[in-house]
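Residues per chain are reported as follows:
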There are 2 protein chains.
Amino acid sequence: MIKFSKVLQNIKTYEAGKPIELVVREFGISPEDVVKLASNENPIGTSPSVKKALITNADKAHLYPDDSMFELKDALALKYDVKENNIIIGAGSDQVLEFISRAVLDENSAVLMSAVTFAMYEIYAKQMGAKIVRTMSYEHKYAEFIEAYEMHKPKIVYICTPNNPTGDATSKVEVIKIIKAIGSEAIVVVDGAYMEYASAKDKAYSISPNDILEFPNVIYLGTFSKAYGLGGMRVGYGIAQKELIEQLYKMRPPFNISTLSLAAAIEASKDETFIKKSILLHQSEIGRYETFAKENGFAYIDSYTNFITYMFPEDMDSTYIADTLLKKGVIIRNLASYGLNAIRITIGTEKQNDTFFRHFAEVIA
Amino acid sequence: MIKFSKVLQNIKTYEAGKPIELVVREFGISPEDVVKLASNENPIGTSPSVKKALITNADKAHLYPDDSMFELKDALALKYDVKENNIIIGAGSDQVLEFISRAVLDENSAVLMSAVTFAMYEIYAKQMGAKIVRTMSYEHKYAEFIEAYEMHKPKIVYICTPNNPTGDATSKVEVIKIIKAIGSEAIVVVDGAYMEYASAKDKAYSISPNDILEFPNVIYLGTFSKAYGLGGMRVGYGIAQKELIEQLYKMRPPFNISTLSLAAAIEASKDETFIKKSILLHQSEIGRYETFAKENGFAYIDSYTNFITYMFPEDMDSTYIADTLLKKGVIIRNLASYGLNAIRITIGTEKQNDTFFRHFAEVIA
């Protein structure tokens, strides 16, 4: 018998948003009638310039990518006014989370995060056998974080802002206050996967890697999966002082980004028009979701992201609602497994949102 | 100060083949004059049907892939006559090596491999703090493996056949003999990354996943990077009994293959014409490399792969040869870091091989 690591007994796996194909197969709904608002994918689609880059590079699939990722790092360095050696690229910012977890965690260590936050923090920590500590609130509250920090001395502290799957954000002032109160022996991860949306909504919530680069134990994470519209290409990044980046690099496998993903990210990083267009659509549509909640008598969390979280009263059940919507071909995320009677909906195109509202009204009628 | 895991002190990083862009930048050679025969990329390029699939899917970059990888597993199950639940997909077979290493290794365990073999076995083992045990020979010799196995009781035994970077192979009979002599508490990895070339050369060296699926502790690894021409897309797979696959799945991050890589691999798995064409080119060109070695008075290892290894006598220095070739725009792999006075050359197109022979003749003139 093979003796597997004991951490495997305790592993949680990530629950992905259900793919459109599955709904087609299971419920016999035709693909064009399925609306997927479950994975925070960019509703505008793929940027035309990225599409062009992918087509141009389609005959380079046999060639390994430039493992130094010189051009992509150069573009990010320019964008954020940092140096190339402050940057590490991951297969999604997820993979940077994995590098961080593996670089510092073991069975005797703990990680600290808010009550409801990105699922991969817990998954990677459990892969290392580490203990999960959560604050009481899903918001990142200074007093709760510092109390838990003092009590558990975690090796990683996660600040997900804007937060996923809740959509709330923590102001820059508050984030820096938390960072300063936490000892330099813990890595503080400021996960800005949805930062482009927060920055567009309110400057006080806009955090740039440069705002926190002075702290040797802090790393900023960003991704091309959301505002940049590259969810399927798996490219994210971490930005920190070079000494921290050097350590994380030791956990990076070679060629962790495919040749086409690299080409797509390089192109996307230059395409500010697409970002602006994504943000504009989002801003013009999210108000409809807020109004809909108010009109139907349930709460929502004020969103700094490309999704909104509906919080239901006791007489509405998120699992029933999510399951019923699914049978109608509307895929959204049930947050019951996060301990919330809530659902998370990606803000879609005008037409997708129409479909959502129509079906949702039927479900709760 | 952050306290990093002590395994980080001992990490080796993978030395990638030098990219063409680097030679262009450093030596001022124009890109069309650079010949890269360093990374065992398919010299035919990308299959036309894969190219078409990539173009068709270029506007799906914003959509996460089907994380169940249903269609790709289905294609592989059909190809190898196994079940979908016997298969795990990795970002290159490298990533499956990572899952295996993380599932069983710790600081008290050892891994066993031949004297000269794929570098990632050691790298992933060191990331887990495990001890590396190597046999005396680069060939996978039964007596050496069993002796080392009995002495060190490794948790993973690597059989790389055909072997990389040497190019030799181990016969099916011999591989099964080794497997049978090793206790079922060790995972035996049969890494067939270059198997398509060995199978075409000599049936006795052809190993199919089904030949070893009866052993609960054995996993077969395959890749789309070589004969299938998808080096840049990072897709590989492991095939084993479902209980072993289930354990490895616990270490798989979600969406570990990009949407376009998945589309490319699905298409490539059906494209037998491309494989045949790759093998034919290879078979028509490799003889020239053998003849060249004989004519110039040095040895080579009989190759079962898409590359050949030249073994030099004392008066020829592999580092000098590799460096001098590089300045002429010919990128090959120096094996000095593997303890061999040798170079590894990917068999290229007729024209690439002409260029190699011309420049090499000058270097040793």
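Residues numbered from 1 in each chain as written. Chains lettered and ligands numbered in written order. Predicted model: local features only at pLDDT ≥ 70, side-chain atom pairs only at ≥ 80, totals over all residues. Heavy atoms only, no water.

- Looking at an unreviewed UniProt entry, one finds chain A named Histidinol-phosphate aminotransferase and attributed to uncultured Sulfurovum sp.
- Listed under Pathway (unreviewed entry) in UniProt, the entry text for chain A is "Amino-acid biosynthesis; L-histidine biosynthesis; L-histidine from 5-phospho-alpha-D-ribose 1-diphosphate: step 7/9."
- In its Sequence similarities (unreviewed entry) section, UniProt records this for chain A: "Belongs to the class-II pyridoxal-phosphate-dependent aminotransferase family. Histidinol-phosphate aminotransferase subfamily." (UniProt positions renumbered as here; feature names shortened; annotations may be inferred.)

**Considerations on the interface of chain B and chain A**
Often the size quoted for an interface is simply the accessible area lost on bringing the parts together.
Here's step 1: If you look at the interface, chain B gives 65 residues, while chain A gives 66 residues.
Here's step 2: Roughly 5,700 Å² of surface becomes buried between chain B and chain A when both sides are summed, with 61% attributable to carbon and sulfur atoms.
Here's step 3: On inspection of chain B and its partner chain A, the count reaches 2 salt bridges.
Here's step 4: The shortest N-O distance in the salt bridge between Glu98 of chain A and Arg102 of chain B comes to 2.9 Å.
Here's step 5: On the surface where chain B and chain A come into contact, there are 34 residue pairs in polar contact (both at pLDDT 80 or more).
Here's step 6: Of all the secondary structure elements, the ones that give two or more residues to the side of chain B that touches chain A are α2 (48-56), α4 (93-104), α5 (119-127), α10 (242-249) and α11 (259-270) of chain B.
Here's step 7: Per element, the largest residue contribution to the side of chain B that touches chain A is 5 residues, and it comes from α4 of chain B.
Here's step 8: In terms of residue class, the side of chain B that touches chain A is built from 32 nonpolar, 17 polar and 16 charged. (Contact = heavy atoms within 4.5 Å. Buried area = accessible area lost by both parts, 1.4 Å probe. Salt bridge = Lys/Arg side-chain N within 4 Å of Asp/Glu carboxyl O. Polar contact = N/O pair within 3.5 Å; in protein donor to acceptor, adjacent residues only side chain to side chain. Helix = DSSP H or I, 4+ residues; strand = E, 2+ residues; numbered from the N terminus. Nonpolar A, V, L, I, M, F, W, Y, C, P; charged D, E, K, R; others polar.)

**Here's the deal with the pattern of salt bridges**
Pairing of side chains with opposite charge becomes possible as their charged atoms draw close.
Here's step 1: Here the structure, examined in full by the defined rule, presents 32 salt bridges over all chains.
Here's step 2: Here Asp67 of chain A and Arg252 of chain A are joined by a salt bridge, their closest N and O atoms 2.9 Å apart. Here Arg252 of chain A lies in the loop between α10 (242-249) and α11 (259-270) and Asp67 of chain A lies in the loop between α2 (48-56) and α3 (70-80), a separation of 185 residues in the sequence.
Here's step 3: Classification of Asp67 of chain A as buried rests on a relative accessible area of 13%.
Here's step 4: Through salt bridges with shared partners, a single ionic network connects Glu98 and Arg102 of chain A together with Glu98 and Arg102 of chain B. (Buried < 20%, exposed > 50% of the residue type's maximum accessible area, 1.4 Å probe, protein only.)

**Quick notes on α11 of chain A**
Residue and element names in this part refer to chain A.
Here's step 1: Given a rise of 1.5 Å per residue, 12 residues ought to cover 16 Å, and the 18 Å separating the end C-alpha atoms of α11 matches this to within 8%.
Here's step 2: With 10 of 12 residues buried, α11 lies mostly within the body of the structure.
Here's step 3: Thr259, Leu260, Ser261, Leu262, Ala263, Ala264, Ala265, Ile266, Ala268 and Ser269 are the residues of α11 that are buried. (Expected span 1.5 Å × (residues − 1).)

**Brief notes about the domain arrangement of chain A**
All names here are of chain A.
Here's step 1: Looking at chain A, the domain boundaries give domain 1 (6-45 + 273-364) and domain 2 (48-271).
Here's step 2: Facing the 31 residues of domain 1 at the interface are 35 residues of domain 2.
Here's step 3: Here domain 1 and domain 2 share an interface that buries about 2,900 Å² over both sides, 63% of which is from carbon and sulfur atoms.
Here's step 4: In this structure, the connection of domain 1 to domain 2 is made through 2 salt bridges.
Here's step 5: For the salt bridge of Lys201 with Asp302, the shortest nitrogen-to-oxygen distance reads 2.8 Å.
Here's step 6: Where domain 1 packs against domain 2, one counts 15 residue pairs in polar contact (both at pLDDT 80 or more).
Here's step 7: Those elements that place two or more of their residues in the side of domain 1 that touches domain 2 are α12 (272-295) and β10 (307-311). (Domains from an automatic or database assignment.)

**Brief notes about the sheet that holds strand β8 (residues 236-239) of chain B**
All names here are of chain B.
Here's step 1: Spatial strand order, β2-β8-β7-β6-β5-β3-β4: 7 strands in an open sheet with mixed pairing. On the outer flanks of this sheet lie β2 (87-90) and β4 (131-134), each paired with one strand and no other. Each strand of the sheet is rotated relative to its neighbour by a mean of 20°, with strand direction disregarded.
Here's step 2: Pairing of β2 with β8 involves 4 bridges; the strand directions are antiparallel. Counted as the bridge partner of Ile89 is Tyr237 from β8. (Pairing = 2+ DSSP bridges. Axes fitted to C-alpha atoms, helices over the stretch in contact; angles between N-to-C directions.)

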